[in-house]
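Understanding the architecture of this molecule
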Amino acid sequence: MRHFRDWSVRTKLTLIALLACSTAVALACVALFVYEVRSFKRTLVTDLRAQAATLAGLSTAALTFDDAATASEMLGELKNQPHVRWAVIYKEGRAFAHYLHPSLDGALPAPPAAGFDEHVDSDGVRLATDIRVKGDRVGRLYIAADATRLRTRLREYGEILGAVFLVSIFSALFMATRLQRAIFIPVQRLAEAAREVAEKQDYSVRIPRRGSDELGRMTDAFNAMLGHIQTQDTALRESQQRFEVAVAGARDGIWDWNLLTGEIYFSRQWKAMLGYEEHEITGGRSEWLALFFDPAERADTVRALDEYLAGRRPQYEVEVRLRHKDGSVRWILSRGAALRDATGRPCRMAGSHTDITERKLAEEQVRSSRAHFEVLVNSINGIVWEADALKSQVLYVNAQAERVLGFPVRAWLDEPGFWEKTIHRDDWGETRRAIRRAIFSGRDFQHEHRVVTADGRVVWLRASVAVQRMADGEVRLRGLAMDITAQKNAAEEMARMQRELVAASRQAGMAEVATGVLHNVGNVLNSVNVSAGLIVDQLRRSKTESLARAVEVLRARHDNLGEFMAHDPKGRQLPAFFGAVSDELARERAGLLEETKALQQNVDHIKQIVAMQQAFAKVSGLREPLDLAEVMEDALRLAGGALPPRRIEIVRDFAAVPKVMGDRHRVLQILVNLLSNAGQALQGREEGRRLVLRTDVTGFNRVRLAVTDNGEGIAPENIARIFSHGFTTKKTGHGFGLHSGANAAKEMGGSLTVHSDGPGRGATFTLELPVRASDEQVEAAAA
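Treat the numbers as computed from the prediction; the structure is a model and nothing was measured.

Let us now look at the overall build of the chain. A tally of helices and strands in the chain yields 26 helices and 22 strands. Here the chain holds 783 residues, and the buried ones make up 39% of them. Considering only residue pairs separated by 6 or more positions, the chain has 57% of its internal contacts joining residues 24 or more positions apart. With an accessible surface of roughly 44000 Å², the chain has 54% of that area assigned to carbon and sulfur atoms.

Strand order across the open sheet formed by five strands is S7-S6-S10-S9-S8, with antiparallel pairing between neighbours. Pairing within the sheet leaves two strands with one partner each, and these edge strands are strand S7 (264-266) and strand S8 (316-323). On average, each strand axis in the sheet is inclined to that of its neighbour by 20°, with strand direction left out of account. As paired strands, strand S9 (residues 329-340) and strand S10 (residues 346-355) are joined by nine bridges and run antiparallel to one another. Bridge assignment links Ala338 to a residue of S10, and that residue is Met349. Its contacts with the sheet put helix H10 (residues 295-309) on strand S6 (253-258), S8, S9 and S10, and the angle it makes with S8 is roughly 155°. Seen against the sheet, helix H11 (residues 357-379) touches S8, S9 and S10 and runs at an angle of roughly 120° to S9.

Let's shift gears to the packing of helix H23 (residues 664-681) against helix H25 (residues 737-747). Packing of H23 against H25 brings their axes to within 10 Å, and their N-to-C directions diverge by 145°. Considering how the two elements wind past one another, H23 and H25 form a crossing that is left-handed. Facing H23, whose interface residues are Arg666, Ile670, Asn673, Leu674 and Asn677, H25 presents Gly737, Leu738, Gly741, Ala744, Ala745 and Glu747. Across the contact of H23 with H25, the residue classes tally to five nonpolar, four polar and two charged.

So, about empty space enclosed by the protein. Empty pockets left among the atoms are what a rolling probe the size of a water molecule brings to light. Inspection of every chain in the model, using the stated rule, returns five cavities of 30 Å³ or more. Taken as a whole, the largest cavity encloses approximately 380 Å³ of empty space. Taken together, 23 residues form the lining of the largest cavity, with Trp385, Trp419, Ile423, His449 and Ala463 sitting closest to its centre. Of all elements in the fold, only strand S11 (383-388), helix H14 (418-422), helix H15 (425-441), strand S13 (445-452), strand S14 (458-469) and strand S15 (475-483) reach the threshold of two or more residues within the lining of the largest cavity. Classifying every residue of the lining of the largest cavity by side-chain character gives 17 nonpolar, five polar and one charged. What the second largest cavity holds in volume is close to 130 Å³. Around the second largest cavity, the lining residues are Trp255, Trp257, Ile264, Phe266, Trp270, Arg285, Trp288, Leu305, Tyr316, Ser334 and His353.

The subject of this paragraph is the confidence of the model for the chain. Here the chain averages 77 in pLDDT, while 81% of its residues score no lower than 70. Considering only residues more than four positions removed or in separate chains, one finds that residues 774-783, a stretch of pLDDT under 50, has eleven contacts.

Pairing is mixed in the open sheet, where five strands are placed in the order S17-S19-S20-S22-S21. With one partner strand each, in any of the chains shown, strand S17 (649-654) and strand S21 (751-755) form the two edges of the open sheet. Across the sheet, the mean angle from the axis of one strand to that of its neighbour is 15°, orientation sign disregarded. The sheet strands contacting H23 are strand S19 (690-699), strand S20 (702-709), S21 and strand S22 (763-770), and the helix crosses S20 at an angle near 25°. Set on the sheet, H25 makes contact with S21 and S22; between it and S21 the angle comes to about 135°.

Among the residues of helix H4 (residues 68-76), those classed as buried are Ala71, Met74 and Leu75. Each buried residue of H4 sits inside an arc of 95° when the element is viewed along its axis, so together they form one side. The outward face of H4, more than 90 degrees from its buried face, is lined by the exposed residues Ala69 and Glu73.

A few words now on unusual backbone geometry. Comment: phi is negative for the bulk of residues other than glycine, and the bulk of peptide bonds are trans. Here the phi dihedral of Asp66 falls at roughly 55°; this positive angle occurs in a residue that is not glycine. On the secondary structure map, Asp66 appears in the loop between helix H3 (60-64) and H4. Classification of Asp66 by relative accessible area gives partly exposed; the value is 44%. Look at Ser392: it is not a glycine, yet its phi comes out positive at around 55°. Relative to the elements of secondary structure, Ser392 occurs in the loop between S11 and strand S12 (393-397).

Take the packing of helix H22 (residues 628-638) against H23 next. In contact at an axis separation of 9 Å, H22 and H23 are set at 55° when each is read in the N-to-C sense. As judged from the angle between their axes, H22 and H23 are oblique. Read as a crossing pair, H22 and H23 show a hand that is right-handed. Side by side, H22 and H23 meet where Glu630, Val631, Met632, Asp634, Ala635, Leu636 and Leu638 of the first sit next to Arg664, Val667, Leu668, Leu671, Val672 and Leu675 of the second.

Of note, Ile722 is situated in the loop between helix H24 (716-719) and H25. Ignoring anything within four residues of it in the chain, the contact list for Ile722 reads Ile714, Phe727, Leu738 and Val754.

A few words on the layout of surface pockets. Considered as a void within the structure, the second largest pocket measures approximately 700 Å³ in volume. If you go around the second largest pocket, you meet 22 residues; those closest to its centre are Arg251, Asp355, Glu358, Ala566 and His567. Split into classes, the residues belonging to the lining of the second largest pocket amount to six nonpolar, four polar and twelve charged.

So, about the side chain of Ser59. The residue Ser59 is located in the loop between helix H2 (9-58) and H3 in this model. Apart from the residues within four sequence positions on either side, Ser59 is in contact with Met74, Ile89 and Ile131.

Our next topic: the pairing of S19. As paired strands, S17 and S19 are joined by six bridges and run parallel to one another. Bridge pairing links Arg652 to Leu693 in S19. Two strands pair when backbone bridges link them, and S19 and S20 are joined in this way by eight bridges, in the antiparallel orientation. Each bridged residue has a counterpart across the sheet, and for Leu693 the counterpart in S20 is Val707.

Moving on to the pattern of salt bridges. Under the defined criterion, the tally for this structure stands at 39 salt bridges. One salt bridge connects Lys91 with Asp66, and the closest N-O pair in it is separated by 3.9 Å. A residue pair is termed long-range when its members are at least 10 positions apart, and Lys91 in strand S1 (residues 84-91) and Asp66 in the loop between H3 and H4 qualify at 25 residues. For Lys360, the salt bridge goes to Glu363, with nearest N and O atoms at 4.0 Å. A residue pair is termed a helical-turn pair when its members lie 3 or 4 positions apart in one helix, as Lys360 and Glu363 do in helix H11 at three residues. The same class applies to Lys360 as to Glu363, namely buried. A single network of salt bridges, built from pairs that share partners, joins Asp130, Arg132, Arg137 and Arg140.

Our next topic: the pairing of S10. Looking along a regular strand, one sees the side chains alternate between the two faces of the sheet. Extensive coverage of S10 is indicated by the burial of seven of its ten residues. Inspection of the sheet shows S6 paired to S10 by six bridges, in the antiparallel sense. Counterpart to Asp256 in the pairing with S10 is Ala350. Between S9 and S10, which pair antiparallel one after the other, the connecting turn spans five residues, and Gly344 there sits at a positive phi close to 90°.

Conventions used here
Within any chain, residue numbers begin from 1 and follow the written order of that chain's sequence. Confidence filtering applies because this is a predicted model: local features only for residues at pLDDT of at least 70, side-chain atom pairs given and counted only at 80 or more, and all residues used for totals across whole chains, interfaces and linings. Values reported for side chains reflect all heavy atoms of the structure, with hydrogen atoms and water molecules removed beforehand. Secondary structure elements are taken from DSSP: a helix is a run of H or I of four residues or more, a strand is a run of E of two residues or more, and numbering for both begins at the N terminus. Exposure categories follow from relative accessible area, calculated using a 1.4 Å probe and restricted to protein chains: below 20% of the type maximum is buried, above 50% is exposed, and the middle band is partly exposed. Only heavy atoms enter the contact rule, under which two residues are in contact if any of them lie within 4.5 Å. In this description, accessible areas are obtained by the Shrake-Rupley approach with a 1.4 Å probe, and a residue is regarded as covered only by the protein chains that are shown. Here the rule is simple: two strands pair whenever DSSP picks up at least two bridges between them. Geometry is summarised by axes, namely lines fitted to C-alpha atoms with helices restricted to the contacting stretch, and by angles between N-to-C directions that run from 0 to 180 degrees. We call a crossing left-handed when the near helix sits turned anticlockwise from the far one by less than a right angle, and right-handed when that turn is clockwise. Residue type decides the class: Asp, Glu, Lys and Arg count as charged, Ala, Val, Leu, Ile, Met, Phe, Trp, Tyr, Cys and Pro as nonpolar, and the leftover types, Gly among them, as polar. Cavity means a closed set of points on a 1 Å grid over the protein atoms alone, one where a 1.4 Å probe fits but cannot get out, pocket means an open set with protein on both sides within 12 Å along at least 5 of 7 lines, and lining means a residue has an atom within 4 Å of a point. Grid points are joined across faces, edges and corners, and a volume is the space filled by probe spheres set on the points. Each residue gets a pLDDT score, which is the predictor's confidence in that residue and runs from 0 to 100. Throughout, the arc means that of the directions going from the helix axis to the C-beta atoms. If an angle is under 35 degrees, it is roughly parallel; if it is over 145, roughly antiparallel; if it lies from 65 to 115, roughly perpendicular; otherwise it is oblique. For this analysis, a salt bridge means a side-chain nitrogen from Lys or Arg found within 4 Å of a carboxyl oxygen belonging to Asp or Glu.

Structure below.
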């Protein structure tokens, strides 16, 4: 049987076919042979009975007349029947007449026993029959025939069956050889394909299907299996290639620890992170432990690792100091995860090493910067605050709130709706309506109202409020409230003075004097209005809104503030931004104090200040001749904090263009926003950062200001939506900078457009303005 297993399928199929066929033919031949033997014996017995009956009938007369000679003569006729061996007629127990075949020796057979009828065996047939006359038995015939004819016939029959058997076997062999191809060839092809796959590891091999039988279905299953294996093999190769590329290109070091064998693998980057070459660290646990700078940290790390592997710690993540090859110390963030078997026993563990030295150094700087920020915010001459509009809950307020209003900071933060209690009851309704309008419209607003301080004083505040609707439906209000009590008192004092002068002139009846005084007073009031307007303009252009946004950014990243300040491009810009805002607020504060003091001086001094401010300052909304190159430089200086901290090439391509009549404030706002966006787009570029500022004439009495960067670019599907309200591709963006810029350009009779060749290929934002737009054009554009 063991050798049979090693035979080829073709040999096995042939042998099986031959065995099945020969067995069937042999069984058929045996059945026919047995049937023929039994049939011949029945025929022999039947014939012998007929002869015995005939002889018995013919011998009745001889027995009746006791004529033995006639009986013997009658039996002698049996010599013509060669198969009859002998025949004896017994009368009254003695042999009356007999016949013996010449081949016998002459001895008569013994009489049959009483009741004997017939007997058939391999030698032949013997039977006995009664001879009766009118019902009475007068004698008995005992006759026998041999099986010579049977053996002769059976030999001939056997020869015929043998010939049939051989012909059947050869026919079966021929048919099996011819028909086995239908089974053997598909099986052979499957075997050859399997061998080719095993030897060459080529899973692209496929076998053509030859039918819809089991072999056809097995062929389909085999091809499907190869396809599945090929897909898995391709995915495995790609995964392995990606892993190799990731390990080779990753900034993090990779380690892999076989917990069963103790073997540890360190990637090339892992070793290079500590200054070692590939061959200098072989991968032993002792080598790793020897790199620790602090023995206490080493013990803590080993304990954390053991606790994680034992299941007592949910994750393995530690920050340790390792010694660099040059002797310096590197802060390393080590993270890993274990693979466990079916019993929960860890068998393998892998993880990464991240160099966080710069982050650790930056965290120290952030702590210092945060302290500086707190000092900076608290030094602002105004109340900086943030509130949840729907819950009427103040979320943040600086220390100036206590200085201005006398209430402690904790009272604002701990008691919902506390700020509402401070508002003067006469101003409460209008203040509430202004907040509701802002919540409904989502627009920023300014509002003046009175508040009652802790000591009962009434203070006028001018609040500049920014509205932001959060993704979860919350509405945040952030603002800066400035104490304008002095300005309000000065305005009221000037109004009182005007009323007193008018009354005095009427009482004196001096029309000309009164006219002159009123003229002078009118000039003074105009000067006061201009100064007040300048103060309003300075407050509107104040950087407090940007500061509030920066504070929100810091608050949103409170949990990872160190990493944000160290690694995020926005975070790295905040110190410079806070410095710039601090300088700007200091300048605003100085200007506001100077203007307030100016209101209290004499009329001549006020006139001089007003004349100087009229020459050098304009309020937002007024058009003036603009030098585009100068405006572009101003915008670049204002947006400097938003540009990447690393070196950036700034190209100025300023063509000679005519001055434009426009609103300097709005143009600066648009350009600063574009420059800030360009700076953020350049954050992801490691080198070759380039920013191009361009001015030129487009024809039709229009000029163009373009800002081009080679940063991350814009996807084609985002071009059409870039100026839509609320649309942004930044994680921390609000989606109204470009929208408001486009609206402002339209209101000035111009347009703001964008072009980008796709992601990674930079972008160009173009502000197009008319050289001089009429009031009707501006009003039509705004409408």
